[in-house]
Amino acid sequence: METFSVKAFGTEAPEADLQQMTIDRREVTAKDVEIDILFCGVCHSDLHTARNEWHGTVYPNVPGHEIVGRITKVGNGVTKFKVGDLAAVGCMVDSCRECEQCKHGNEQYCENGNVQTYNGHDIHLNKQTFGGYSERIVVDEDFVLHVPENLDLAATAPLLCAGVTTWSPLKHWNIGPGHKVGIVGIGGLGHMGVKLAKAMGAYVVVITTSPSKVADAKRLGADDVILSTDKEQMRANTNTLHFILDCVSAQHDVNAYLRLLKVDGTLALVGAPEHPLPIAAFSLIPARKNFAGSTIGSIKETQEMLDFCGEHAITADIELINIQDINTAYERLLKGDVKYRFVIDMTSLKG
């Protein structure tokens, strides 16, 4: 298969900084589109993978799965896009398309494993996939999204991961008017959860350990804030929430939050703590409560989320950086020093 070279930023080893390198992209096949990448969000998963913290990273590694750009070339069989269209790519670029989950439009749960945008297996070139910290990317049109023209493109990039990761469980559990929803943790995921749940019509309660985040939670749209370190506030809100979206990736006591749920309430975990979280049987049994998990979202869900965000003018709160500042951004990300998502201006790589 013919290829072409592009500039990228990646790493050669777990302990090495990210630096400029050259990678190969395939020339478009009949169903492919080529995208000139304008902006790429920085997800905590990028850092985990670059440093092999989840193990299994193949090097060299080029992260990035929150991609927004413009189409520069299409294959002769492409029907959904044309040259010049705005386009986006999220966390996956292919799946088996044959298993039960794929046939039901749940590619994120592909039983044979979907192909991740980076550190996946590129079936065309028979090597690892490379992500959005690069000039261009080539993707099958079935895994490419349309971007609403009215949205700020840089602030749209995080919607491709943080946005759909919170949207999918909110939609799956039919959140809307009449629901009282708790959002645990205000970070890259949590701040999107607040914005989306509020726009869906829910009464939104932020649950945080930080008094300093109360004002910002209200700014994002929260109707109320509970300080989880305040035992009286937690006790006063026992059995009051229909649904909780837990966006915390650090170790925390889930049982304390389960007590806030009503009968038949659900806590859905989208954060990814490093170690198992103990769940007490009597946190669930007495009120038929549910402890669940969710990962990203399907291509259909991602498009629905983008369209919804276009209709409601929803984007992420971001800090725009140059690609040359990515290593510093990673260190700041570890400290929680960003409100609430870094986004790379890819002109800094092209220049």
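Caption draft 1: Structural detail: the environment of Ile321. Counting through the fold element by element, Ile321 comes out in strand β18 (residues 318–322). Look at Ile321 and you get buried, because its relative accessible area is 7%. On a C-alpha basis, the gap between Ile321 and Gly351 in space is 14 Å, while along the polypeptide they are 30 residues apart. Apart from the residues within four sequence positions on either side, Ile321 is in contact with Ile326, Ala329, Phe342, Val343, Ile344 and Asp345.

Caption draft 2: Expanded view of helix α4 (residues 162–172). For α4, the tally of buried residues reaches nine of eleven residues, placing the bulk of the element in the interior. Listing the buried residues of α4 in full gives Ala162, Gly163, Val164, Thr165, Thr166, Trp167, Ser168, Pro169 and Leu170. Looking at the packing, one finds that the buried side of α4 touches β12 (180–184), α5 (190–199), β15 (241–246), β16 (261–269), α9 (299–312) and β19 (341–345). Looking one or two residues beyond α4, the residue adopting positive phi is Asn174, at roughly 55°.

Caption draft 3: Main features of the nonpolar core. Residues Tyr133 and Ile326 are the most contacted members of the largest nonpolar core, which totals 93 residues. Top element by residues in this core is strand β3 (residues 32–42). It accounts for six residues. Among the nonpolar cores identified, the runner-up in size contains 17 residues, and Val184, Ile244, Ala256 and Leu260 belong to it.

Caption draft 4: Molecular detail of the packing of aromatic side chains. Enumeration according to the criterion identifies two aromatic pairs in this entry. Geometrically, the ring pair formed by Trp167 and Phe308 is tilted, given 4.9 Å between the ring centres and 50° between the ring planes. In this pair, Trp167 is assigned in helix α4 and Phe308 in helix α9, connecting sequence segments 141 residues apart. Residue classification places Trp167 among the buried positions, given a relative accessible area of 3%. Looking at Phe308, the relative accessible area reads 14%, which means it is buried.

Caption draft 5: Representation of the layout of surface pockets. Approximately 260 Å³ is the volume found for the second largest pocket. Surrounding the second largest pocket, 21 residues form its lining, Arg26, Val93, Asp122, His124 and Val138 being those nearest its centre. Among the elements of the structure, β2 (19–26), β6 (92–94), β8 (121–122) and β10 (136–140) are those that each provide at least two residues to the lining of the second largest pocket. When residues in the lining of the second largest pocket are grouped by element, the largest group, four residues, is from β10. In the lining of the second largest pocket, the residues fall into eight nonpolar, six polar and seven charged.

Caption draft 6: Structural context of the packing of α4 against α9. Viewed as axis vectors pointing N to C, α4 and α9 meet at an angle of 105°, and their least axial separation amounts to 9 Å. Considering their axes alone, α4 and α9 lie roughly perpendicular with respect to each other. Contacts between α4 and α9 involve Gly163, Val164, Trp167 and Ser168 from the former and Glu301, Thr302, Glu304, Met305 and Phe308 from the latter.

Caption draft 7: Highlighting α9. Between its terminal C-alpha atoms α9 stretches 20 Å, which fits the 20 Å expected from 14 residues at 1.5 Å a residue. If you check which residues of α9 are buried, you get Ile299, Glu301, Thr302, Gln303, Met305, Leu306, Phe308, Cys309 and Gly310. As for α9, its buried residues are in contact with β6, β11 (145–146), α3 (153–156), α4 and α5. Positive phi appears at Ala313, one or two residues downstream of α9, with a value of about 55°.

Caption draft 8: Inspection of the packing of α4 against α5 at higher detail. Where α4 meets α5, the closest approach of the two axes is 9 Å, and the angle between their N-to-C directions is 50°. Compared by their axis directions, α4 and α5 come out oblique. Like other packed secondary-structure pairs, α4 and α5 cross with a definite hand, here right-handed. On α5, the residues that touch Ala162, Gly163, Thr166, Trp167 and Leu170 of α4 are Met192, Gly193, Leu196 and Ala197.

Caption draft 9: Looking closely at the pattern of salt bridges. As enumerated under the stated definition, the model contains 22 salt bridges in all. Residues Arg136 and Glu34 are paired through a salt bridge, measuring 2.7 Å at the closest nitrogen-oxygen approach. Within this pair, whereas Arg136 is found in strand β10, its partner Glu34 is found in strand β3, the two being separated by 102 residues in sequence. By relative accessible area, which is 4% here, Glu34 ends up buried. Across the pair Arg332 and Asp337 runs a salt bridge whose closest N-O atoms are separated by 2.9 Å.

Caption draft 10: Looking closely at the pairing of β12. With four of five residues buried, β12 lies mostly within the body of the structure. The pairing of β12 with strand β13 (residues 203–208) spans five bridges and is parallel. Each bridged residue has a counterpart across the sheet, and for Ile183 the counterpart in β13 is Val206. What joins β12 to β13 is α5, and the crossover it makes is right-handed. Here β12 pairs with β15 via four bridges, running parallel.

Caption draft 11: View of the sheet that holds β13. Spatially, six strands are ordered β14-β13-β12-β15-β16-β17 in an open sheet, and the strand pairing comes out parallel. One side of each edge strand has no neighbouring strand; the edge strands of this open sheet are β14 (224–227) and β17 (290–293). The mean inter-strand angle of the sheet, taken between neighbouring strand axes irrespective of direction, is 20°. Across four bridges, the pairing between β13 and β14 is parallel. Looking at the pairing, Ile207 lines up with Ile226 of β14. The strands touched by α4 within the sheet are β12, β15 and β16, with β15 carrying the most contacts at an inclination of about 155°.

Conventions adopted
- Residues numbered from 1 in each chain as written.
- Predicted model: local features only at pLDDT ≥ 70, side-chain atom pairs only at ≥ 80, totals over all residues.
- Heavy atoms only, no water.
- Helix = DSSP H or I, 4+ residues; strand = E, 2+ residues; numbered from the N terminus.
- Buried < 20%, exposed > 50% of the residue type's maximum accessible area, 1.4 Å probe, protein only.
- Contact = heavy atoms within 4.5 Å.
- Core = buried A, V, L, I, M, F, W, Y, C linked by side-chain atoms within 4.5 Å.
- Phe/Tyr/Trp six-rings, centres within 6.5 Å; stacked < 30°, edge-to-face > 60°.
- 1 Å grid on protein atoms, 1.4 Å probe; cavity = no way out; pocket = protein on both sides within 12 Å on 5 of 7 lines; lining within 4 Å.
- Points joined across faces, edges and corners; volume = space filled by probe spheres on them.
- Nonpolar A, V, L, I, M, F, W, Y, C, P; charged D, E, K, R; others polar.
- Axes fitted to C-alpha atoms, helices over the stretch in contact; angles between N-to-C directions.
- Parallel < 35°, antiparallel > 145°, perpendicular 65-115°, else oblique.
- Expected span 1.5 Å × (residues − 1).
- Left-handed = near helix turned anticlockwise from the far one by under 90°.
- Salt bridge = Lys/Arg side-chain N within 4 Å of Asp/Glu carboxyl O.
- Pairing = 2+ DSSP bridges.
- Right-handed = clockwise from strand over helix to strand, strands pointing away.

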